[in-house]
Amino acid sequence: MRLWNIYLKPAVHRVPEFWSHEKIEYIRRSSQEGIPPYALEEAPSKIGRLLDRLVFKDLRPREVNELLKKADGLDVDVGLDFFGTRLTAPIYLGDMSFGALSGNPNIAIAKVSTEEGMVAGIGEGGLHPEVAKYRNIVVQWASARFGMDMALLRAGLAVNIKIGQGAKPGIGGHLPGVKVTKIIAELRKIPEGSEALSPAPHHDIYSIEDLAQRVKALRDLTGKPVLVKVAAVNKIMYVAVGVSRSTAEGIIIDGAGAGTGATPISVRNHLGIPIDYAIPVVDKWLRENGARSNFLVIGGGMLYSASDIAKLIALGADMANIGTAALLSFGCIMCHSCHTGGCPTSLTNMIGARPDLDIEWASAMLRRYLRALRLGLKAILYSLGMDSLKELAGRRDLLGLYYADEAVASTIGVDLMAEGEIAYFQEYAPTMPREVYEEGKVPIIGMGGVVPGYTYPARRPLDLLRIEAAQVTHPSVDPYREEVDVRVYVNGFSYDTPIVVPGLERAAVMAGYALGALVDGAGCPEPEYCLSTLPHVRLPPSRDIEPREGIVIIDERLKGDAWLEEAVALLDEKARQAGIREKMTIIAAGRLSSGADVYKLAALGADLVEPREAFELLASRQAPSYAAKRRWYENLISVLTKELKLAMGAGGITDYYHMVGNKDLLRSLDGRIAARLNVPVAGN
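Numbering of residues starts from 1 in each chain and follows the order in which that chain's sequence is written. Predicted model: local features are reported for residues with pLDDT of at least 70 only, side-chain atom pairs are reported and counted for 80 or more only, and whole-chain, interface and lining totals are derived from all residues. Side-chain measures here rest on the full set of heavy atoms in the structure, leaving out hydrogens and waters.

Disulfides are defined as pairs of cysteine sulfur atoms found within 2.5 Å of each other. For the structure shown, the criterion picks out 1 disulfide. At a sulfur-sulfur separation of 2.1 Å, the disulfide partner of Cys 524 is Cys 530. Linking Cys 524 and Cys 530, the disulfide has an S-S dihedral of approximately 80 degrees and is accordingly described as right-handed. Neither residue differs from the other here; Cys 524 and Cys 530 are each classed as buried. For Cys 332, which is in no disulfide, the shortest distance to another cysteine sulfur is to Cys 338 and amounts to 6.3 Å. Burial classes: relative accessible area under 20% of the type maximum marks a residue as buried, over 50% as exposed, and values in between as partly exposed (1.4 Å probe, protein chains only). According to the relative accessible area criterion, Cys 332 is buried, its value standing at 9%. With no disulfide partner, Cys 343 has as its closest neighbouring cysteine sulfur the one in Cys 335, 5.7 Å distant. What makes Cys 343 buried here is its relative accessible area of 11%.

Right, let's talk about the sheet that holds strand β18 (residues 415-419) for a bit. Within a sheet, neighbouring strands are paired by backbone hydrogen bonds and run either parallel or antiparallel to one another. Spatial strand order, β2-β17-β18: 3 strands in an open sheet with mixed pairing. Bordering the open sheet on either side are β2 (54-56) and β18, each of which pairs with just one other strand. Pairs of neighbouring strands in the sheet enclose a mean axial angle of 30 degrees, with direction left out of account. Paired strands, in this sense, are two strands between which DSSP finds at least two bridges. Segments assigned H or I by DSSP are reported as helices when at least four residues long, segments assigned E as strands when at least two residues long, and all are numbered from the N terminus. For strand β17 (residues 399-404) and β18, the ladder comprises 4 bridges, and the chain directions are parallel. Between N-to-C directions, angles cover 0 to 180 degrees, with each direction set by a line fitted to C-alpha atoms, over the stretch in contact for helices.

The buried fraction of helix α18 (residues 595-604) amounts to 10 of the 10 residues, a majority that puts the element mostly inside the structure. Every buried residue belonging to α18 is among Gly 595, Ala 596, Asp 597, Val 598, Tyr 599, Lys 600, Leu 601, Ala 602, Ala 603 and Leu 604, and all of these are buried. Distance and chemistry together define a polar contact, namely a pair of N or O atoms within 3.5 Å, with one atom able to donate a hydrogen and the other to accept it when in protein, and with adjacent residues in sequence counting only for side-chain atoms on both sides. Capping the start of α18, Ser 594 holds a side-chain oxygen 3.3 Å from the backbone nitrogen of Ala 596, two or three residues further along. At the exit of α18 stands Gly 605, carrying a positive phi of roughly 140 degrees.

Shown next as structure tokens:
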């Protein structure tokens with residue numbers, strides 16, 4: 001049988017992504033040579049992560065990099081104690097489940113982590129019998145309890161309770177039915193071919209008190225330490241302190257942009273915050289609350305180098321969670337097709353598909369990559385004059401931040417060395433997957449590295465806003481199984497969705513009417529559904545709009561002297577101050593394309609949102625008939641509404657009006673945008 005043991009050329013993407021060819025080449029060279037191309041970057045980056053803009057103030061990168069060839073002989077300890085097991089480096093691999101991965105990758109990761117003295121999480125969905133042979137693994141207790149039994153719980157070094165993950169905070173796991181083959185179905189104890197949808201919340205964990213009971217029960221049952229895995233969300237500091245109070249031995253924080261086997265695109269792109277915003281505030285809050293001692297903090301999400309690990313530990317973590325980079329070390333080409341079961345490199349295939357990944361080849365590549373990370377860490381610590389890793393933990397004073405603003409620097413607690421903007425803008429044409437308009441399905445994608453305005457270009461300031469998701473301190477809501485009410489009221493009339501449909505053609509008008517949406521046009525069978533029949537005023541975005549009773553449409557097509565999002569936020573605030581907010585309906589119309597855009601504008605203050613761009617994309621497509629085109633529009637309205645419900649459910653919101661004008665649900669990655677929209681910076 002042929003085994004997969006070669007590197008393919010990385011995928012070429014239409015728009016620049018974090019996992020660039022340069023980063024993939026860095027990982028591949030490390031995996032082939034056992035030594036990294038460099039330990040520290042020559043200069044801070046003007047775009048990208050905070051980690052890319054941070055430097056160790058007293059180090060000269062060239063001198064550190066020259067140490068790499070002799071780093072193995074340096075008398076520096078980069079290991080740490082993991083609940084009685086000594087690790088050779090502060091690296092946690094995972095959590096990647098059997099099913100999301102195709103089996104052999106799971107075995108290679110468990111094998112290398114044990115043999116190299118590191119640790120790996122097995123993820124959700126049952127314990128692969130070959131993985132069970134290795135000691136340095138952490139098993140997972142997730143919301144669906146897939147494959148849960150005592151043999152699984154008693155394996156490995158620790159148990160982790162998965163509340164959330166960075167690529168899909170607050171919405172639970174998602175293994176598409178095409179990947180639920182016979183062995184996966186048996187391990188997960190579900191029907192073959194059925195979608196494995198984990199509930200958004202644990203239905204026995206709705207508070208810190210509930211979590212504490214579960215932590216104690218699992219510790220008593222297994223005799224092992226218990227970690228809690230959460231996504232890095234807007235209020236992660238409260239979550240972390242709560243987890244520490246639950247008596248858990250540690251927390252795994254998964255940042256935005258982290259990899260996954262499958263997640264809704266709108267969730268991946270807009271919920272949660274990056275790990276480099278989360279870790280410093282978590283460390284600070286834990287210390288201020290007397291909860292940092294003997295509490296393990298593991299951070300992950302788009303980490304790949306020794307520099308990343310060292311900076312994250314200086315920001316306040318104890319260990320780094322590396323997932324995507326491990327897959328890149330043995331072949332991933334970042335094609336984002338993990339959810340299809342047709343991975344071209346055999347990493348995320350349907351189980352049983354051929355060829356299989358060559359375990360020995362993958363193990364050799366991963367082993368050399370991890371050794372390269374260890375060498376890089378040694379060179380950095382030695383250059384800092386440190387003997388052990390523990391001396392670096394929480395040393396934010398050693399770091400300087402370039403090309404950012406004072407609000408961000410102050411939030412993460414580091415010195416600002418040079419002014420700049422976090423926001424990364426670039427114009428590009430959006431796309432609409434066929435499953436949206438032909439099937440009415442929320443589009444799903446695999447892998448990560450995409451945080452608009454941060455690691456991926458933004459098209460507007462709205463993209464820099466991050467949506468809150470519930471983790472531990474209050475429950476999320478599962479819109480697949482629970483009611484989320486998005487009805488809105490205008491002039492005493494009820495609409496089934498807050499999405500306003502542009503009346504671009506007859507099919508769009510009738511689709512909007514059929515789904516109970518307000519239509520921005522004419523020709524509705526009932527006049528109440530057409531905006532043209534309702535008294536309203538249409539204005540360009542401006543900071544000077546004054547509140548008034550009735551319907552106010554802020555329309556980007558009219559140009560104006562302000563951002564659409566800025567005009568909406570300011571008008572909402574003025575109307576509340578004037579005491580007439582309940583008598584005014586704000587409609588935001590502009591270049592918007594997802595349910596997450598609708599959520600963000602609603603949180604800024606809009607009652608209804610007209611995502612014109614999505615409908616214009618569909619209008620430009622030729623349909624075989626009028627009936628087909630109308631069905632396409634109906635599917636689009638349905639998908640936009642589903643995406644909105646997913647974002648609401650992730651934050652535990654069951655009523656649309658509970659979020660209108662609630663800016664506390666948003667955080668900005670950029671200080672200038674935060675100030676103009678009156679939204680806190682991420683980490684606050």
